[in-house]
Every structure is written in structure tokens, then in C-alpha cells.
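Observations on the model geometry
Chain residues, written in single-letter form:
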Amino acid sequence: MRKLKLVLLVGDGMGDRPVPSLGNKTPLEVASTPNLDEMARRGRVGLMDVIAPGVPPGSDTAHLALFGLDPFEWYEGRGPFEALGVGAELDQGDVALRGNFATVKEENGKLIVVDRRAGRKVPEAEELVKTLNEKLNKVKDVEVRFYHATEHRLAVVLHGPGLSDEVSDTDPHEVGKPVALSKPLKDTPEAKKTAEILNEITLKSYEILKDHPANLERVKRGLPPANIVLLRGAGMMRKRLPKLQELFGIRAAAVGATALVLGVAKAVGMDIYVPKGATGGIDTDYRAKAREAVKLLEDYDMVFVHLKGTDAASHDGLVEEKVRMVEALDYIAGYIMDYYDGEAVFAVTPDHATPLTVKEHTGDPVPVLLYAPTQIPDEVGEYNERSAIKGSLRIRGKDLIRLMVNYANRAKKFGA
Ligand code: ZN
Ligand code: ZN
């Protein structure tokens, strides 16, 4: 039996509810989506509870499910995923944190936060991270590694014995407050040790960054210096997640630009590709993602393409922009179809709904589309929230990839 490729297209937060300014239709209903509708005509649509009925998913837990893992069993917080998504390597027992370059000033012997994001635009970030990795790579017996994410954001990884993620942040989360002291949240030697390490990293980062040439230059130009690293959201990599290779025997690649989601993809064994021009926002170069996906399908069994713009527009309540991003996903679907129609199993889905009227993730079931040449189609010829009600699929998020693997003629038999 011929094995087919797998193509998973996710419009983040794409699911919606009736939007008054769209005549109570949804963005998927009003957007022009000839390619998605064609796939719906030749495939199946339906409703999917990504985590469980009525549970509003985070993008991390949702993608764990879409990659076949039960998030209730495997999810341990976002920290490790964020770090993996910006290129960190993580071993079991490592602690990952999110960091911000921030601006502080000295006042009565205290460090007071002036700007939690150091003006947000920090083009010197790579250079500052390099200096930190040279001068602050060890505290006690623990290795410390800094990774630049986007703008003022970074990931920090602690690698060594006896660590814990049960520690509070050094980011006070408020301007005008002194830099916070990390405290153990549990009375264990591991938490105590880790809190001490975080405090040392935070204070030393100030010593290293305050007179850094890049910051002296920023001050000269009237910009807030990126003179400290504030830490938050400690998370430990306790379990090694099963890889798609082990679960389904497939080699997979991820195309996107959102660290959190790419981190989940990497944790399940996908190789990560961020095409030039992909931003994780509504200004992303979605055409570049489509080209990258087609290129990768030559070498990989599966390609996952993530489009964040649908969710970004939803959180900001931008109706027209969300419609445009849905059409961008339709473009990606059509572009890949031009090369792989008949050769691949296609699935299109949101990871959750982010209704424009709510501006937050909700637990609504999402419309899902599955198109494979090996599958008998249902009667529905459109892909949107309303048509999905009449469709034939009723599945959970973690079932989707298994159905894809099955129709790709790659599933292993359960039993004799
Ligand atoms: Zn999401
Ligand atoms: Zn969101």
C-alpha cells in the first residue's frame, strides 16, 4: 500500500462565533476560501473538542493534543516549550524561564523598574545575550544559558543537579516597583538553591549590562538601556515527551514563527523551520510558509504549518484582519495542494476558538477538515463553523493525527 504524506495546517484561534459586524457570520464563513471549500467537498468536516468539551485550550496544550498527546497527562507548563521554541536544548531536570530585557534605575540602594521591556525594540539583544553567555554562564554548580527570542524577550535555561521550578519570579510585573527577590515556593533544598541562583543571575545581569557599550550607546540616543534581565515563569522539563517518530513512525517538520508552538513541535521530535518573513503576526509572509512547506515535503513524511495571525487579530478584535488571515491559510492550503493533491492527507483546523466578540480563547468545539484520497467524503462542501455542525467528524484533538496516520496508510495494527 502506498504511503501518503501528512499535511497539518493550523489557523491559531481561527474558530469563532457569530460576529455582529459580519451579519452574524464568522470570519471563516465570510472569507473567500475556495481551496478549503474544495477540500471540504472532497473530504470530511466536523467538530473537534481539542482538549475536552468546553475546556478553553492554551496554544501549548492544544498543540500537544493535535500532535497526539493527552495534555492532561503530558503538560507541565509553558516554560520548557518557550525555551525549546527559541532554539534551547533541554535535558530532563533542566529548568527554563522566560526573561525580559528591562530598564532599571538605582534608588536608595534599590533597583527600581522603569520599563519592563526596555522600550520593546532592542536590536542589540543578540549582542547582549552573547555577553551574558560569556560572563554569566555558571552560578554555583549550575550551567546558565541565555537565548534571544524576539524583541526584548529571551529564554534562560538552568542545567545542573538539584534544581526546582517551585520558585517565584524576579520580575515584579509592575513599573515603579523594586526588582523582586525570588523565593522558594516549597520548603525544599532544591527550591531554595534555585531561588538563590535566580537572584544571583538577576543582580549579576545588571552588573554586566549597565555599562555595556550597547547600552551606553542607547542612553546617548535617548533610549532606555536594556540593563537587567528579569525572570519569570520557571518550568521544569520533568518528562521526556514521546516523539512522533516513536509513536507513528513519521518524520515531521514544523513551519511557523511562534516560539511556544514551535517548542511543542520540537518537544515531540519535529524539526523547526522559521522562513524569512514569518513573524507570528498579521504581517507574516504566509507565502514564504507555503513555499517552505512544499520544499520540506520532499524530505519529510509530515509537515505542520502554523499561522498565528488569526489568533493575534482575534485578541485585538480586528475583524477584517482576521478574515484576511483566514484567506492567507486558504492560500497556503491551495499552494500545497497544487503540489501534493492526491499524494497527501490534509487536515485543517484551529487549535481553539478565539472569538472576536470575546478576544480570548474559548472552549467551543472547532471546525475540523480532513481530506485524503483514501477516504470517502461526507455531504458537506464548505469549511466553517456552521457547515461543520452538519459534517461527519466528531473527534477530540488527540484523535486527529491518528486519523491522518491511518488514511496515510501508516498506522500500526493494535492487537493480532
Ligand atoms: Zn492558539
Ligand atoms: Zn491566543
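Please read these numbers as outputs of a predicted model, since none were measured by experiment.

Describing the overall build of the chain
A count of helical and extended segments in the chain gives 15 helices and 14 strands. At 23 Å, the chain has a C-alpha radius of gyration in line with the 22 Å of a compact globule built from 416 residues. For the C-alpha atoms alone, the extent of the chain along its principal axes is close to 70 × 55 × 35 Å. Across the 416 residues that make up the chain, the buried fraction comes to 57%. In the chain, 72% of the contacts between residues at least 6 apart in sequence involve partners at least 24 apart. Side chains of the chain carry 57 positive and 61 negative charges; the gap between the two charge centres is 1 Å.

Quick word on empty space enclosed by the protein
Summed over all chains, the structure comprises two cavities of 30 Å³ or more. Trp74, Glu76, Gly77, Pro80, Phe81, Met236, Met237, Lys239 and Leu241 are the residues that line the largest cavity. Class assignment for the residues of the lining of the largest cavity results in six nonpolar, one polar and two charged. Quantified by volume, the second largest cavity comes out at close to 40 Å³.

Notes on the layout of surface pockets
The gaps of empty space that remain are located by a probe, the size of a water molecule, rolled over the atoms. Taken as a whole, the largest pocket encloses approximately 960 Å³ of empty space. Together, 30 residues line the largest pocket, and Glu82, Thr150, Arg153, Thr258 and Ala259 are the ones closest to its centre. Of all the secondary-structure elements, those providing two or more residues to the lining of the largest pocket are α5 (79-85), β3 (95-107), β7 (153-159) and α10 (259-267). Residues that form the lining of the largest pocket fall into these classes: ten nonpolar, ten polar and ten charged. Residue contributions to the lining of the largest pocket reach at least three from each of two domains, namely domain 1 (5-75 + 240-407) and domain 2 (83-235). Looking at side-chain class alone, the lining of the second largest pocket contains four nonpolar, one polar and five charged residues. Residues from two domains meet in the lining of the second largest pocket; each of domain 1 (5-75 + 240-407) and domain 2 (83-235) gives at least three.

Considerations on the coordination of the zinc ion (ligand 2)
Only Asp311 (OD), Asp311 (OD), His315 (NE2) and His361 (NE2) from the protein coordinate the zinc ion (ligand 2), and they sit 2.0 to 2.7 Å from it. Between the donor residues of the zinc ion (ligand 2), the gaps in sequence give the motif D-x3-H-x45-H. A distance of 4.7 Å spans the gap from the zinc ion (ligand 2) to the zinc ion (ligand 1). In this pair, Asp311 and His315 are both assigned in helix α12 (residues 309-315), four residues apart and thus about one turn of the helix distant.

Some words on the coordination of the zinc ion (ligand 1)
A four-donor tetrahedral metal ideally has 109.5 degree angles, and a six-donor octahedral metal ideally has angles of 90 or 180 degrees. Coordination sphere of the zinc ion (ligand 1), protein contribution only: Asp12 (OD), Asp12 (OD), Ser59 (OG), Asp351 (OD) and His352 (NE2), at 1.9 to 2.8 Å. Of note, the donors binding the zinc ion (ligand 1) are all from one chain and are spaced D-x46-S-x291-D-H.

Digging into helix α8 (residues 213-220)
Within the sequence span of α8, burial applies to Ala214, Asn215 and Arg218. Down the axis of α8, the buried side of the element spans an arc of 95°, and every buried residue falls inside it. Of the residues in α8, the exposed ones pointing more than 90 degrees away from the buried face are Pro213 and Lys220. The inward-facing, buried residues of α8 contact α6 (125-135) and α7 (189-209). Trailing α8 by a residue or two, Gly222 shows a phi angle of about 80°, which is positive.

A look at α6
For α6, the full list of buried residues reads Ala125, Leu128, Val129, Thr131 and Leu132. Looking straight down α6, one finds that the buried residues subtend no more than 160° of arc, so they occupy a single side. In this structure, α6 carries Glu126 and Lys130 as exposed residues pointing more than 90 degrees from its buried face. Buried residues in α6 make contact with β3, β6 (142-148), β7, α7, α8 and β8 (228-236).

Things to note about the nonpolar core
The nonpolar side chains of soluble globular proteins are, as a tendency, buried together. Among the nonpolar cores identified, the biggest contains 53 residues, and Leu8, Phe67, Leu244, Met270, Met302, Phe304 and Leu400 are the most heavily contacted of them. Counting the residues that make up this core, at least three belong to each of domain 1 (5-75 + 240-407) and domain 2 (83-235). Excluding anything up to four places from it in sequence, Leu244 contacts Phe67, Gly249, Ile250, Ala252, Val268, Met270, Met302 and Ile401. Ranked by size, the runner-up nonpolar core spans 41 residues in total, among them Met14, Val303, Val305 and Tyr340.

Brief notes about the environment of Ala155
Residue placement: Ala155 occurs in strand β7. Take Ala155: its relative accessible area is 3%, and that puts it in the buried class. In this structure the C-alpha to C-alpha distance between Ala155 and Pro172, which are 17 residues apart in sequence, comes to 17 Å. Once residues lying within four places of it in the same chain are set aside, the contact partners of Ala155 are Ala83, Val86, Leu97, Arg145, Phe146 and Tyr147.

Calculation rules
Residues numbered from 1 in each chain as written. Chains lettered and ligands numbered in written order. Predicted model: local features only at pLDDT ≥ 70, side-chain atom pairs only at ≥ 80, totals over all residues. Heavy atoms only, no water. Helix = DSSP H or I, 4+ residues; strand = E, 2+ residues; numbered from the N terminus. Rg over C-alpha atoms; globule rule 2.2 N^0.38 Å. Buried < 20%, exposed > 50% of the residue type's maximum accessible area, 1.4 Å probe, protein only. Contact = heavy atoms within 4.5 Å. Lys, Arg positive; Asp, Glu negative; His and termini not counted. Charge placed at Lys NZ, Arg CZ, Asp CG, Glu CD. 1 Å grid on protein atoms, 1.4 Å probe; cavity = no way out; pocket = protein on both sides within 12 Å on 5 of 7 lines; lining within 4 Å. Points joined across faces, edges and corners; volume = space filled by probe spheres on them. Nonpolar A, V, L, I, M, F, W, Y, C, P; charged D, E, K, R; others polar. Domains from an automatic or database assignment. Donors = N, O, S within 2.8 Å, 3.2 Å for Na, K, Ca; no water. Arc of directions from axis to C-beta. Core = buried A, V, L, I, M, F, W, Y, C linked by side-chain atoms within 4.5 Å.

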